[in-house]
Structures are given as C-alpha cells and as structure tokens.
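Listed below, chain by chain, are the residues.
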Amino acid sequence: MATSARSRLGAAAAIEPHEACALVSSTRDGLTAVEAEARLRSDGPNALRSHRAHPWRVLGRQLKSPILLLLFVAAGVSVFVGEGTNSLIIGVILVASIGLGFVNEFRAERAADALHDQVRHTAVTLRDGHAVEIDVTRLVPGDVVELSIGAVVPADIRLLDSRNLSCDEGILTGESLPVEKAPAPCPPGVGVGELSSCVLMGTIIQSGTATGIVITTGPATEFGQIVVGLGTQQPQTEFQRGLGTFSVLLLEVAVILTTLIFAANLLLHRSVIDSLLFSLAIAVGITPQLLPAVVSASLATGSRALAKRKVLVKRLVCIEDLGDMDMLVTDKTGTLTEGRISFTAALAVNEKAISIERVLELGLLATETDFTALPVSTIGLNPLDAALWNSPLSAAVHPETYRRIDSLPFDHERRMTTALVECPEPWQRLIVTKGSPEDVLRICTDVPASAQALLSSQYSAGARVVAVAVKAAGEVRHLSATDEIGLTLAGFLVFLDKPKPDARDSLERLRQLGVSVKIATGDNALVAEKVLEDIGLSSGGTLTGSDIDAMTDADLKIAAAAATIFARVSPEQKARVITALRHTGRAVAFLGDGVNDALALHQADIGISVETAADVAKDAADVLLLDKDLGVLADGVIEGRRIFANTIKYVLMGSSSNFGNMFSASVASVVLPFLPMLPGQILLNNLLYDSGQLAIPTDTVDAEQLQAPAHWNIGYIRRFMLLFGPISSLFDFATFALMIFVFHAQQSEFQAGWFIESIATQTLIIFAIRTRRVPFFRSRPSVALTLASLGVVVVGVWLPYSPVSGLLGFLPLPVPFFLALVGMVLAYLVLVEGAKHWFFSRPAQALTAAPNRRVRGYRHRIDRRSARFTPKSTAGTFGPSGASTAARQWGHGTNTSSQAGTPQRTSTERV
C-alpha cells in the first residue's frame, strides 16, 4: 500500500494540476463537507501516532530498569532452588515497583492527553467552496489546502498555484537549504527530493504562499513512513540518562559485593545454595528497588500541578528540563507585553502629497489577504495585518475597489510585503510596499529628514511601526524583488502592544529562581528598551542583527552573555545567539511563538511556545503554555526543581543506607558462625523500607534547593554513599555487639534485633537527609512522609511478635533491647547531622555540575513534529493496539525505501 501511495504521489507530480485534481476525484474548489466526511470514514484520519496513554506501552517502559532486571534474576534463582519465601518477597517487590510506577505514569500520561486535546493544529482548506480552518488530522485526499510562510505541510500535496514558494525539506532529505517549488509538472520517476511540484508532510514553508490538493495522508505519506519506521520509542532526556548512569553505578557495586561475598562464603565451606541466595539478597538489597516508582510518582505529581496551571509538557520527563533552566531568552510580544496588538494611527510624512487616509489605504492594499471579497477574512494573517483590518479606522477606506494583479509575500530576509494593484479611477498601476521601516526606507528615494525624526519619536514611545511606500508600476506585469527599489515613502502605520501589568512580578520571580532573562525580538532596539524600562528590567546592553553578523563566534559568546536585548534579529541570528549562550555552560530555554522563532527553539536546551503560536513554533517546542505568562513558566521551573530534589532525596538516602547495611551484612557473614540476616529477611527489610519512602514525592522542598538548578552528579552520589554508608555500619556493628555480648542472642533473636535496628535507623534517616537544615525545627517534612516512615518502623518492630514471626525466622526480643535501641537511634541521628553539616560545607559537594551539552538529534525532531498529527480523544479512531485506523490500514512495519530513507539517516548530523 505504501508503494501504491508513493506511486500515486509521483504520478500526480508528473501531470498538470487539473489532471492531479481528477486523480483524487476532486476539483480546484475542493470537496463538499459531506464528501470530506465520507472520505474521512473510509480512509481514516490524517494521523501518525495516537500519543494516547496505552497501558501496555506504559507497562513496557516499567520493565526496562536495570534494577528490575536484577530482581527478576534473583526471583528466578530463588524459585529454582526451592526458596519459596524469598521468591514471594521478591515478587511482592517487583509487583510494587512495576505497579506503582505503572499507575503513576499512566495517570500522568492521561492528564497530558487531556492537555494535548486543548492544543489545536489546523489547516486552511476549501469546503463547499469556502475557506475554513479544520484540524490537520481531518484532512483527506482531495482537500484543497492553502499554505503560507511558516506552515508545517499537513499532508503530501500537489501544488495547484504558488508564489515565490520555497520549502525546508531537511527533515526528509537532510538538505539544509530551502528547495524552490512550483506547480509545473516534474519528470516521471524522479526521487522524493526532486518532486518540485509537490510539498510533503512534515516539511516547512520557508517563503511564499501556495494552494495545493492533498494526494496522500497519514502513514501513507513520505513523512508518515519514516515515523512508522522509527517506531514509538522517544529519545532520552538528560534526566533519563542520569537515572541510567546511576543504575549502572549500583549494578557495578552490587556485582563486586556479591562476587566477594559469594567467594568468601565458599572459602568458609558454607552451603553453595545458601551462599548464592545470600549473595543475591545482598545484590538486591543494595539497590533502591522502588526508584522507578518514586520517579514516576514525582513526575505524575508534577504533571498534575502543571496541568492546573495550563502547562502542556509534551513528555513527562521534560518537567525535569524545566528545572534545569537558568537562562530564558524570550520574544517580547505576549510575554512582556499583553500580546493584543491594536492599530492606533497612520502618520503621513508629507500630508500635502499623500494624506493620512491614503497611507492607511495603501497599507491595507499591501496585506496578504483578498480585499475584494467583503467582509475581508483575517484567517491566517499575521497579528499586525489582522489588527489593521480589525481597526475601526479601516472602515473609512475602500480598498475593495482596487484589483490585485500580483504580490511578493513577506519573508524574513526582505522583511516586507509588496503588492501590484490596479487603481479604479483613473486607471493606473501601483507598486505598494509595507514592512520594516529600516528596510523600506532603504529602498525609498528622497526620504525627508523629518521622516526619521518621526520614526524615532514613535520608537521611543514604545510603539511598533510599519512603513508604507509606493511608486507607479508602469508596464510591470509580474513582481520580482528587483521592483522593490525607487519607491516614495508614504508614511507609517503605528501599532501598540502594552506591557503586561504583572510582567515585573514574573521577572522578579524568575530572578529569585536564578533564571536570567534576555529579549530576542524583530522589533527596533528602542522599542525593546522602552518595554524593559516600563517593566523595570535593567538592561545589560543591546546587540542588533548587524552587530551579531559582524562578530566571530568567540566574540559573540562574550557579547551575548553580557547583553540583555537582541533587536532586529533574523531567525538565523536568534539561533546563533542561543548556540553561543549554550556554549557558556548555561541551560538555555527559548520562548517564542512566531515563524522566525523555530530555529532558535530547536537550538535551545528546552523550547517553549504557546497554544496560539505558528505551526512551526509549536512543532519545535518541548513545552506549550496554554496561557502565555512568565509567571506560569516560573511555576514550571519550581516544579521541575522540586521533582529533582525529591528524587535525589530518595537516591541519596537509599544508596547510602543500603550500602551501609549490605556492607555490614557482608562483614558479619564472614565473622559470625551464622548469617546475620536470612535472604528473605534482607528482602523484606528493603521492601518495608522502600515502601515508606513512596511518600517522598509529596515532601516539601527547602527554598534554597529551588534557587538554582541541580544536575546528576554521580561522583557526588558516590561520595555521599561512601561517607554515610559506613556511619550506618558503625551502628550495625554496635547492634551486633549488643546482641552477642549483652543479650547472648541466638540466631533468630540476633536476626530480629538487627532487622528492627536496621529498619529504624535507615527509615528515620530520611528526616536528616531530606534537608540541609536542622530537621523538624527549620525544615518540616510533609505529613504523608512522616506518617509513612513512622508506620514502617512500627511494622518492623511488630513483626517479631506477629503470627508470621516463625515463618520469617524471628524470635521476640526482651524489653531492654528497645531501650538500647532508642539510645542508638538518637546517637545515630546526631552523628549523621554532624556529618551532614561537614559534608555540605565542602565546595566539592555542590550538586550543580553542568550537564553535558544536549544534542537535538534526528529522532527528537521526528518525534516532536509527528505529535501534531494526533487526533483528539473524541475522534474514537483508536483500538486496543493504539494504532489509528489509517495506521492499521497502511501497516506499521513499512519503512522508507532506500531512495528516501538512506539520505535521511546519514545526514542527520548535518541538519
């Protein structure tokens, strides 16, 4: 079927546009709504992935932890040698770890699904002869689609008409330069990269406009076949890589300790089976078995908190990336300003020659919409043009009496729009240009000195300004860039976008979190500086696009670090600034919503956009704000850091306590004539202990832990483990001496005594490790963590007296033991508190080591872009397997042909 779809696209590319329409049983006027619905039912939605919370997929992710692999091995060995109690306890641990992780992650993914359904990715298509906006997943073959600059192409489309069209096809072919496109048929049998009369799903309109007819949708498209071929596995984040490194560290320690213990016990001529089981119990005991569950619970808690604040995190682990951020580069509109652009005035540079009303009329003529059809549609217009048409002042002029002959759409190189129009009376053709004042003034002749003064006064007032120029067209029939010269400046169109009242407070919150804020804008530097002045943000200086172009990369790293404003910057210049800032060792986030922000979003450590953003910006982002508010972003930063802090609490507490206990057990197994704790008792000890820590995700976090991002530092964790683990062992050895020399304990009494002491010390130590402050007095744990920890201690003390004590191999202990136990626990907590203050006072123990530089790879780009082609949950198109109807029809196993697939994979490093 995939070959047939590719053949159909190739056939459509090689014939005339009207023949391509007939190929899919449609016309240039598109489909009727009834026909489109019928095709949607028969062909399925234009969807690539469900991105729904699928139970089996979530469950599969729970089974990938190296820690769980060790548990499965231990359970298998226990069953093989007939140790039913051990295998039962390990089974309970496995079920708890996998089950809790599954429940939390599944709930969090369902919450993310609900947020995803609030974000719309739309396309403009003709239905019943009228332009309408529909969800991209509802496009069908035969739909006629309108495309403009910045759009992500929603299907494989045969061009019907185009104007100065170029397309970025890097995601398909690896080519870094835009490819020109036109409706003229291309030769039969050419490769995907040479289909000049077609635009392909997932590629980006770099410049120009076009109308085309949909040939193939969903997995039948070229992009869809790549997505299906790569599967559903998502690329790892820094947090996931850190977890993986930590798991490897624990496995290394477990293997070394297990081997030594097993060898030592064999040398002492002990039973091979008993020695093997005890060694496996030690290996299991040193690992924090519920780490996957704790991480999932933390991320689920964070996702629910962010959901309440209308923040959509495309992947749960991106919450951690938010916490890493220590620098934010943002656009100005909608973040520092209200984002409600309003047209305020038209200014004429010479009212005797061209009136104010005429300046406004010329400005309307140079917008990219059909002004002859009333009422004028503002669908798809940029915010400035939409504000111009929606202004009451526009009702006084009548551009509908003009006829547009040709136009040059806006692009980010020229930064202007030009129209060739025919005047109604007297007959005359005019070339009208509207765009950035600096660029328009450069193509004008005889600009009066008063014009620059007028422009500067508007900039100083914080207004956004667009220049309008005009000239007689003469015999010009078709426009080209060479016609944009020798114009007469008519005047300026003035727009206002007020600063947000709460912008100052939001910036102060980010500052307190250690996040520095910089502005990257296409506006004039004076406008940006005025906005910063109005909201009280001090500026470290301004770099313009021309300044950036004049710098080497080394110079830009220094200058960009000092500057606060980057003004009149192109998309490439924004991306270059982001790259320079990342090389200074900062974790840089970029917030943008425009077409010209996509490159910078891809370059940033974490890309942030908004629901109302351009398609290409939403595609490039990791996080979407359903409300464009820096205050919401500050909430996200806090949540990310809180999750990391609580995860590290569990890691530090679990690794140090487990290491200490297992070291104690290892030494005692060699010295004592019996095992200090049976394998089943060790496993039960760890199960109880870890269960009490499942409340860690609910714990409060000290303010100082939120003031700066923290990163995985395996050296730090290792040093912590090697200091606090032996401290735990000191009190274990004290317990051994107490049981043998004071109470003259038998084996079962000895094991019960150490079981209780171990549970008490390693469970209560969380209250010291969870904070750098004095616990309880200056830092209070959450109620849930307090109750859970104390409950575990109570259960541990009760077990030797319970009905199952004989099954577990315990005997009751005398009362004096518990008096000694209280004294040892208090002494242990005091010693740990002293060691903690010594440890954290050393500069080498900072947990803020910079992570490795992130790399945005090919799989990452594919994953983010394919997310837009996901039906809403109400579509009802997904079955148990999670595949869309179309995906089931076209097949999941199809890969790209060598013609399309090989360049894509080998060129990913260049893209």
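Located above this text is the structure these notes cover.
Note that the structure is a prediction, hence the values are computed from the model and not measured.

> Is there a simple way to explain the overall build of the protein chain in this structure?
For the protein chain, the helix and strand inventory stands at 34 helices and 21 strands. Relative to its 911 residues, the protein chain shows a buried fraction of 58%. Within the protein chain, contacts between residues separated by at least 24 positions form 77% of all contacts whose residues are at least 6 apart in sequence. Within the structure as shown, the protein chain displays about 35,300 Å² of accessible surface, and the carbon and sulfur contribution to it stands at 60%.

> Where do I start with the sheet that holds strand S12 (residues 416–423) in this structure?
In a beta sheet, neighbouring strands pair by backbone hydrogen bonds and run either parallel or antiparallel. As summarised here, the arrangement of the six strands in space is S10-S15-S14-S13-S12-S11, forming an open sheet in which the pairing is antiparallel. Two strands lie at the open edges of the sheet, namely strand S10 (342–348) and strand S11 (403–408), each paired on one side alone. Averaged over neighbouring strand pairs, the angle between their axes works out to 25° when direction is ignored. Two elements, S10 and strand S15 (residues 488–496), share six bridges in a ladder whose sense is antiparallel. Bridge pairing in S15 places leucine 347 opposite phenylalanine 492. Here helix H16 (residues 449–460) sits on the sheet and contacts S10, strand S14 (464–472) and S15; the angle it forms with S15, its principal contact strand, is near 10°.

> Where do I start with unusual backbone geometry in this structure?
Most of the time, phi is negative for any residue but glycine, and the peptide bond is trans. A positive phi is found at serine 25, a non-glycine position, where the angle reads about 55°. Take serine 25: it is sitting in the loop between helix H2 (17–23) and helix H3 (33–43).

> How should the environment of alanine 220 be read in this particular structure?
Looking at where alanine 220 falls in the secondary structure, it is placed in the loop between strand S7 (204–216) and helix H8 (222–230). Relative accessible area serves as the criterion here: at 3%, alanine 220 is assigned to the buried category. Once the C-alpha coordinates of alanine 220 and alanine 155 are considered, the two residues, 65 residues apart in sequence, prove to be 9.4 Å apart.

> Mind showing me how you'd approach a nonpolar patch on the surface here?
Judged by side-chain polarity, Leu268, Phe663, Val667, Val670, Val671 and Phe733 come together as a nonpolar surface patch covering roughly 470 Å² of accessible area. Along the chain, phenylalanine 663 falls in helix H24 (residues 630–671). For phenylalanine 663, a relative accessible area of 35% puts it in the partly exposed group.

> Please clarify how helix H31 (residues 815–840) should be interpreted in this entry.
In an α-helix, one full turn covers 3.6 residues, which means residues spaced three or four apart are oriented alike. Between its first and last C-alpha atoms H31 spans 38 Å; for 26 residues at 1.5 Å apiece the expected length is 38 Å, and the two agree. For H31, every residue scored as buried is listed here: Phe817, Phe818, Leu821, Met824, Val825, Tyr828, Val832, Glu833, Ala835, Lys836, Phe839 and Phe840. Structurally, H31 contributes buried residues whose contacts are with helix H26 (714–742), helix H27 (747–764), helix H28 (766–769) and helix H29 (783–798).

> Just checking my understanding: could you explain the pairing of strand S13 (residues 428–435) for this structure?
In regular strands, side chains alternate between the two faces of the sheet. Of all eight residues that make up S13, seven are buried, and the element is covered over most of its length. Bridging between S12 and S13 involves eight bridges; their strand directions are antiparallel. Bridge pairing links leucine 420 to isoleucine 431 in S13. In terms of strand pairing, S13 meets S14 through six bridges, oriented antiparallel. Its bridge partner lying in S14, threonine 433 is registered against alanine 469.

> Explanation requested: the side chain of arginine 163 in the structure shown.
One can find arginine 163 in strand S4 (residues 156–168). Within the structure, arginine 163 has its side chain in polar contact with the backbone oxygen of serine 407 (distance 2.7 Å). Apart from the residues lying within four places of it in its own chain, the contact partners of arginine 163 are Gly208, Thr209, Asp406, Ser407, Leu408, Pro409 and Leu479.

> Would you mind going over the nonpolar core with me for this structure?
A general trend in soluble globular proteins is that nonpolar side chains are found buried together. Among the nonpolar cores identified, the biggest contains 145 residues, and Phe246, Leu328, Phe566 and Ile608 are the most heavily contacted of them. In terms of residue count, H24 provides more of this core than any other element does, 16 residues in total. Residues Ala123, Ile157, Leu165 and Val192 belong to the second largest nonpolar core, which totals 42 residues.

Parameters and conventions
- Residues numbered from 1 in each chain as written.
- Predicted model: local features only at pLDDT ≥ 70, side-chain atom pairs only at ≥ 80, totals over all residues.
- Heavy atoms only, no water.
- Helix = DSSP H or I, 4+ residues; strand = E, 2+ residues; numbered from the N terminus.
- Buried < 20%, exposed > 50% of the residue type's maximum accessible area, 1.4 Å probe, protein only.
- Contact = heavy atoms within 4.5 Å.
- Areas by Shrake-Rupley, 256 points an atom, 1.4 Å probe, with all protein chains shown as cover.
- Pairing = 2+ DSSP bridges.
- Axes fitted to C-alpha atoms, helices over the stretch in contact; angles between N-to-C directions.
- Patch = residues over 30% accessible without salt bridge, like charges linked within 9 Å, V, L, I, M, F, W, Y side chains within 5 Å.
- Salt bridge = Lys/Arg side-chain N within 4 Å of Asp/Glu carboxyl O.
- Expected span 1.5 Å × (residues − 1).
- Polar contact = N/O pair within 3.5 Å; in protein donor to acceptor, adjacent residues only side chain to side chain.
- Core = buried A, V, L, I, M, F, W, Y, C linked by side-chain atoms within 4.5 Å.

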